[in-house]
Amino acid sequence: KEAVDRNPEQLSLVELLGITQDAAGADRDAIRTLKSLVVREPNALKPLISLAQVQARQRDFDGAARTLTRAQEKAPEDEAVARDLVGVYLQGGKPEQALKVAKDLQVRRPLDAVGYVLEGDVRAFAKKWPDAERAYRPHEPAPGIQVGHHSDLMLRDRLPGVPVAVEGRRCRAAHLGA
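What counts and how
- Sequence order as written defines residue numbering, which begins from 1 separately in each chain.
- The predicted nature of this model means local features are confined to residues of pLDDT at least 70 and side-chain atom pairs, given and counted, to a pLDDT of 80 or more, with totals for whole chains, interfaces and linings taken over all residues.
- Side-chain figures throughout are based on the complete set of non-hydrogen atoms in the structure, without hydrogens or water.
- Within this document, salt bridges are pairs made up of a side-chain nitrogen of Lys or Arg and a carboxyl oxygen of Asp or Glu, the two lying within 4 Å of each other.
- Going along the chain from the N terminus, every DSSP run of H or I of four or more residues is numbered as a helix, and every run of E of two or more is numbered as a strand.
- Residue burial is assigned from relative accessible area. The probe radius is 1.4 Å, only protein chains are included, and a residue is buried under 20% of its type maximum, exposed over 50%, and partly exposed in between.
- Orientation is described by axes fitted as lines to C-alpha atoms, over the contacting stretch for helices, and by angles from 0 to 180 degrees between their N-to-C directions.
- Roughly parallel means an angle under 35 degrees; roughly antiparallel, over 145; roughly perpendicular, 65 to 115; everything else is oblique.
- A clockwise turn of the near helix away from the far one marks a right-handed crossing, whereas an anticlockwise turn of less than a right angle marks a left-handed crossing.
- Whether two residues are in contact is decided by their heavy atoms, any of which lying within 4.5 Å being enough.
- Under the scheme applied here, ten amino acids are nonpolar (Ala, Val, Leu, Ile, Met, Phe, Trp, Tyr, Cys and Pro), four are charged (Asp, Glu, Lys and Arg), and all others, including Gly, are polar.

Q: Mind showing me how you'd approach the pattern of salt bridges here?
A: Side chains that differ in charge, positive against negative, can pair when their charged atoms come close. By the definition in use, this model includes 13 salt bridges. In this structure, Glu79 and Arg83 form a salt bridge, with 3.1 Å as the shortest nitrogen-oxygen distance. Of this pair, Glu79 and Arg83 are both found in helix H6 (residues 79-91), four residues apart, which corresponds to roughly one turn of the helix. Arg83 sits in the partly exposed class, given a relative accessible area of 24%. As a salt-bridge pair, Arg109 and Asp112 come within 2.6 Å of each other at their nearest N and O atoms. A single salt-bridge network, built from bridges that share partners, covers Glu79, Arg83, Arg109 and Asp112.

Listed below in structure tokens is the structure:
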């Protein structure tokens with residue numbers, strides 16, 4: 001706090017203070033600090049993502065979803081924001097909203113597999129295995145994306161709580177060095 005007081009224009013220190021406050025259990029202070037950072041950097045994406053992460057850790061899934069929705073408005077093509085938003089909606093018990101995010105991403109980026117993988121994750125979360133498999137196999141994936149090869153394994157032997165997209169990235173990294 002002292003470093004931020006001495007260097008109020010060092011926005012990275014403000015962000016670090018908010019994260020540290022969250023880690024120390026000072027929930028309200030962390031939210032207040034990160035919200036002030038969002039106000040000071042209205043066009044930046046990172047403060048919104050940091051705020052949403054803190055809100056989600058504090059189990060304020062509605063707040064995290066609102067924050068990530070603002071982030072998505074600033075960067076509609078950012079698949080990391082879409083993934084985080086899907087995760088927050090699922091954690092908050094709103095799978096229909098999560099599915100909407102996945103479908104919107106499919107419309108905006110029809111040649112990318114990420115929207116279909118997210119849809120598969122949502123359907124797998126709801127234990128709708130045939131629908132999940134169909135979502136993972138809607139078309140030939142873009143070069144370098146091995147969605148179809150992983151879906152059978154993911155649907156059968158998934159780690160509890162690990163989205164298919166995360167596990168697919170791990171598998172690609174292990175087998176393809178990607």
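That shown, we press on.
Q: Just checking my understanding: could you explain the packing of helix H4 (residues 46-57) against helix H5 (residues 61-74) for this structure?
A: When two helices pack together, their arrangement is given by the angle between the helix axes and the distance between those axes. Contact pair H4 / H5: the axes reach a minimum separation of 8 Å and the direction vectors enclose 165 degrees. What the angle tells us is that H4 and H5 run roughly antiparallel. Classified by chirality, the crossing of H5 by H4 is left-handed. In contact with Leu48, Leu51, Ala52, Gln55 and Ala56 of H4, H5 contributes Phe61, Gly63, Ala64, Thr67, Leu68, Arg70, Ala71 and Lys74. A class-by-class count of the residues in the contact of H4 with H5 yields eight nonpolar, three polar and two charged.

Q: Would you mind going over the packing of H6 against helix H8 (residues 114-125) with me for this structure?
A: Between H6 and H8, the shortest axis-to-axis distance is 11 Å and the interhelical angle comes to 10 degrees. For the element pair H6 / H8, the angle class is roughly parallel. Facing H6, whose interface residues are Glu79, Ala82, Arg83, Val86 and Leu90, H8 presents Val114, Leu118, Val122 and Phe125. Tallied by class, residues from the contact of H6 with H8 come to seven nonpolar, no polar and two charged.

Q: I tried to follow the side chain of Gln72 on my own but got confused; where do I start?
A: Residue position: Gln72 is located in helix H5. The exposure class assigned to Gln72 is buried, which follows from its relative accessible area of 15%.

Q: Quick question: what am I supposed to make of the environment of Thr67 here?
A: Tracing the backbone through its elements, the reader meets Thr67 in helix H5. Residues Thr67 and Ser50 lie 17 residues apart in sequence; the distance between their C-alpha atoms is 9.6 Å. Excluding residues within four positions of it along the chain, Thr67 makes contact with Leu48, Leu51, Ala52 and Gln55.

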